[in-house]
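Here is how the chains run, residue by residue.
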Amino acid sequence: MTDRQLQPLLHELVGVVLAPTSALGDVTGQIRPTGVQGVFHADARVLSRAELRVDDQELEGLTHGEDGPHGARFVGLARWLGDPTPDPTVRVDRSRRATPNGLTEELRIVSTATVGVRATVSVDLACDLAPIEAVKSGGAAAPLEAKTGQPGLLTWAADGITVTVTAPDADVLATGERATAPRLTWPIDLPPRGETVLRWQVAVADPRAVVVGPTGEPEWARPEVTADDRRLVRLLDRSLDDLRGLRLAETGAPGDVFLGAGVPWFLTLFGRDSLWAARMMLPLGTDLAAGTLRVLARRQGTRVDPATGEAPGKILHELRRHEFTVPGNGLRLPPAYYGTVDATMLWINLLHDAWRWGLPAEQVAPLLPHLEAALGWLGEHADPDGDGLVEYVDTTGHGLSNQGWKDSGDAVRFHDGSLATAPIVLAEVQAYAHEAAVNGAALLDAFGRPGADRWREHAAALARRFRESFWVDGRYGPQPALALDRNKRPVDSLTSNIGHLLGTGLLDADEEAQIARLLTTDTLAGGFGLRTMSTDDAGFSPLSYHCGSIWTHDTAIVLAGLARGGHSEAALGLAEGLLSAAEAFDYRMPELYGGDDRTLLRRPVPYPAACRPQAWAAAGAVLLLQAATGLYPDVPGGTVRLTPLAGPNFGALHATNLRVAATPVSVTVNHTGEATVTGLPTALTPTVPTQRNPKTPTRSR
């Protein structure tokens, strides 16, 4: 039997986060020296153990819950203490809170006993400074020796990182065999019905970190929402708390805030993830988009470098402090890695959409040279074989073999389950490229820059080429293939990728309607959201990372495209799946979950290694809110379109403190679907397309 190093499971762990710090422990509050449990800071595990005991015994876990945006509370019992009655009389509340540079814990021991309680409380600690990629691969690192010298103080130091634990009232045991497993101890002596509070904290000094926690409040507005479907309100509230904890800035540029991709594996800058999340957050303001655009523009490619995937105009994939190496699978990514085929187009589309939402011209203008460079990459480097389509291939042998959002090695499969070979031409990437060319042209025209006609012609040619190459016959009629392989054969599996084509201009109305029909089949939509691959395809597995699971952001993006295009019934079906899943996950949506049929357990099956919280999963709640309100502004064009998904089937909804052109806006949708918008700047006129709803929206100030 061959030993395997397996990625640790996450689904039953309880996390707290305030980027770049996060912590994962079990449901009782213990952080045990196993798997992925620990306190992490900027890609290093700064504590690998924090186990609480009373009289050298573990508490019996009772429950746990969130404690503010960045905290968790665990309730345990010490039933061997206090009165000898069936009711427990000694309880310990353990409150854990992440800080930008560490973690604090408060231990509140409460006795309702009629007798005094004497005990010794202890916390066993360890630090291994294991890099996140070693933890992710199931590897282990030896604990480091702690140093002490002052009362209540412990330190570890290695690789430029210093970790300090302080517990002013505690005794510290850190010699001999406890040098690598130091213990904090507090003797307690409670009178009848007495209580006491103990505290300890960890702080990290990490001058070589590439990301830092930004100061100040979040860059986005916090809307107030009332809705008939209370699940939407709960999901939005929890998601905004999670997003608050995922804010990051690049070291040396604290003013440009972006969202780190997710806890624990990806709490850093990720081009695709950070761009999608910022795009979803536009209904709450443009500041996050502006920061994300600027930080990625500063790292935009300037030269051709096969080792990193860099090319002139290309947008970064991910940023790490050092080479990201996963033992056993050959993956070896440089600290600044550009191996993504779609981030450059997504950067263009975010700039365009932020401009439509009201990003001021004085913030758009400095980014226009970067826009032109990104368009240059699309025209000169994205299509190496010159066939008019965007493709990718990893030429290094140790980079990502798949470079779209479905980037696992087995993500691109034919209907018969066989793997496609690179270079690969992904369907949704052509849609992003078409949208980027059209959007780039609009920006060039608006700001008096040359070249717009070239990009409109580029988009038209790409649409023709896509129509000729991608459509295949499937079980439910014509369907776009997932991709083209090395020999330009259509990869004929039915996948969620086709939903990303909606609203990009790549398709005509009849083609979009056919895609809407495909997306509502039970093979794709029979779970709690949209499956990444249909159950009819041989590669389908409900717990495959990209071939049958359900991704929160993927479902939200497709749902939004359906809603925006008028396919409300299909959008409502996906919305119900997402909201049902949110309820099951206590409204902290994971990165992905199982694609099992809804009837199997009547709740979604967790994907055991999913990030949670994760930026574009949490931001999907804002995208769902936008679809529900139907708010689609075009500030430069002077209009705001209102086509709400809320109404007869979704229920009534009222949302205040949305943002259009930095102005607070409110939207009300009643039970009949009639929309009212208030607070718009006087230069903007609200409209409802006559083909969607003959009613004229009302407006007041």
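Numbering of residues starts from 1 in every chain and runs along the sequence as written. Two thresholds apply to this predicted model, a pLDDT of at least 70 for residue-level local features and 80 or more for giving and counting side-chain atom pairs, whereas whole-chain, interface and lining totals are computed over all residues. The side-chain numbers reported here are obtained from all heavy atoms of the structure, hydrogens and water having been left aside.

(A) Highlighting the packing of helix H8 (residues 427-446) against helix H9 (residues 452-469). Each axis is a line fitted through C-alpha atoms, and for a helix only the stretch in contact is used; angles between axes span 0 to 180 degrees, taken between their N-to-C directions. Secondary structure is summarised from DSSP: a helix means a run of H or I of at least four residues, a strand means a run of E of at least two, and numbering begins at the N terminus for each. Between H8 and H9, whose axes approach to 8 Å, the crossing angle comes to 160 degrees. One finds that H8 runs roughly antiparallel with respect to H9. Once H8 is placed against H9, the crossing between them reads as left-handed. Across the interface between the two elements, Ala427, Gln430, Ala433, His434, Ala437, Val438, Ala441, Leu444 and Asp445 from H8 touch Ala452, Trp455, Arg456, His458, Ala459, Leu462, Ala463 and Phe466 from H9. Ten residues, namely Ala, Val, Leu, Ile, Met, Phe, Trp, Tyr, Cys and Pro, are considered nonpolar, four, namely Asp, Glu, Lys and Arg, are considered charged, and the remaining ones, Gly among them, are considered polar. Here the residues of the contact of H8 with H9 sort into twelve nonpolar, three polar and two charged. Any angle that falls under 35 degrees is termed roughly parallel, while one over 145 is termed roughly antiparallel, one within 65 to 115 roughly perpendicular, and all others oblique. We call a crossing left-handed when the near helix sits turned anticlockwise from the far one by less than a right angle, and right-handed when that turn is clockwise. It only takes one pair of heavy atoms within 4.5 Å for two residues to be counted as in contact.

(B) Quick peek at the packing of aromatic side chains. Stacked, edge-to-face and tilted are the three classes for Phe, Tyr and Trp ring pairs, Trp counted by its six-membered ring, which pair at centre distances within 6.5 Å; planes under 30 degrees apart are stacked, over 60 edge-to-face, the rest tilted. Taken as a whole and judged by the stated rule, the model has nine aromatic pairs. A centroid spacing of 5.3 Å and a plane angle of 70 degrees characterise the contact between Phe266 and Phe270, whose relative ring orientation is edge-to-face. Phe270 shares its class with Phe266; the two are buried. Ring geometry for Tyr545 versus Trp551: centroids 5.0 Å apart, planes at 70 degrees, classification edge-to-face. Residue Tyr545 is classed as partly exposed on the basis of its relative accessible area, which comes to 22%. Look at Trp551 and you get buried, because its relative accessible area is 2%. These aromatic residues form a ring-pair network of at least three members: Trp405, Tyr545, Trp551, Tyr607 and Trp616. Criterion for a charge above a ring: Lys NZ or Arg CZ within 6 Å of the ring centre, and within 35 degrees of the ring normal. Between Lys136 and the ring centre of Trp265, over which it is positioned, the NZ or CZ distance is 5.7 Å. Over the ring of Phe528 we find Arg598; its NZ or CZ atom is 5.5 Å from the centre of that ring. For each residue, the accessible area found with a 1.4 Å probe, counting protein chains only, is set against the maximum for its type, and the residue is called buried under 20%, exposed over 50%, and partly exposed in between.

(C) Up close: the sheet that holds strand S31 (residues 631-634). Taken in spatial order, the three strands line up as S31-S32-S36 in an open sheet, and their pairing is mixed. Both outer strands of the open sheet, S31 and strand S36 (685-687), are each paired with one neighbouring strand and no more. On average, each strand axis in the sheet is inclined to that of its neighbour by 20 degrees, with strand direction left out of account. Where S31 meets strand S32 (residues 639-642), four bridges bridge the pair, whose relative direction is antiparallel. Looking across to S32, one finds that Tyr632 is bridged to Arg641. Strands were regarded as paired on the criterion that DSSP finds at least two bridges between them.

(D) Here's a closer look at the layout of surface pockets. For the largest pocket, the calculated volume is near 1100 Å³. In this analysis the probe radius is 1.4 Å and the grid spacing 1 Å, with only protein atoms considered; a cavity is a set of points the probe fits into but cannot get out of, a pocket is an open set with protein on both sides within 12 Å along at least five of seven lines, and lining residues have an atom within 4 Å of a point. The wall of the largest pocket is formed by 43 residues, among which Gln7, Lys136, Asn329, Ser408 and Tyr545 lie closest to the centre. Mapped onto the lining of the largest pocket, the elements with two or more residues apiece are helix H3 (271-280), strand S21 (324-326) and strand S22 (331-333). Tallied by class, residues from the lining of the largest pocket come to 19 nonpolar, 15 polar and nine charged. A volume near 780 Å³ is recorded for the second largest pocket. The wall of the second largest pocket is formed by 30 residues, among which Arg279, Asp353, Glu435, Gly503 and Arg564 lie closest to the centre. Put simply, the parts of the chain that give the lining of the second largest pocket at least two residues each are H3, helix H5 (343-356), H8, helix H12 (552-564), helix H15 (615-629) and S31. Within the lining of the second largest pocket, the residues separate by chemical class into 13 nonpolar, ten polar and seven charged. Grid points are joined across faces, edges and corners, and a volume is the space filled by probe spheres set on the points.

(E) View of the packing of H3 against helix H4 (residues 287-298). Where H3 contacts H4, the two axes come as close as 9 Å, and the packing angle between them is 160 degrees. Taken as axis vectors, H3 and H4 run roughly antiparallel relative to one another. Every pair of crossing elements has a handedness; the one defined by H3 and H4 is left-handed. Between H3, through Gly271, Ser274, Leu275 and Ala278, and H4, the contact on the second element is made entirely by Leu288, Ala289, Thr292 and Leu296.

(F) Layout of the side chain of Asp67. With respect to the helices, strands and loops of the structure, Asp67 is situated in the loop between strand S6 (60-66) and strand S7 (71-77). According to the relative accessible area criterion, Asp67 is buried, its value standing at 17%. Polar side-chain contacts of Asp67 include one of 3.4 Å to the side chain of Arg73. Among residues more than four places away in sequence, those in contact with Asp67 are Ala72, Arg73, Ser95 and Arg97. Nitrogen and oxygen atoms within 3.5 Å of one another constitute a polar contact, given that in protein one can donate a hydrogen and the other can accept it, and given that sequence-neighbouring residues count only through two side-chain atoms.

In short, geometric facts, not functional conclusions.
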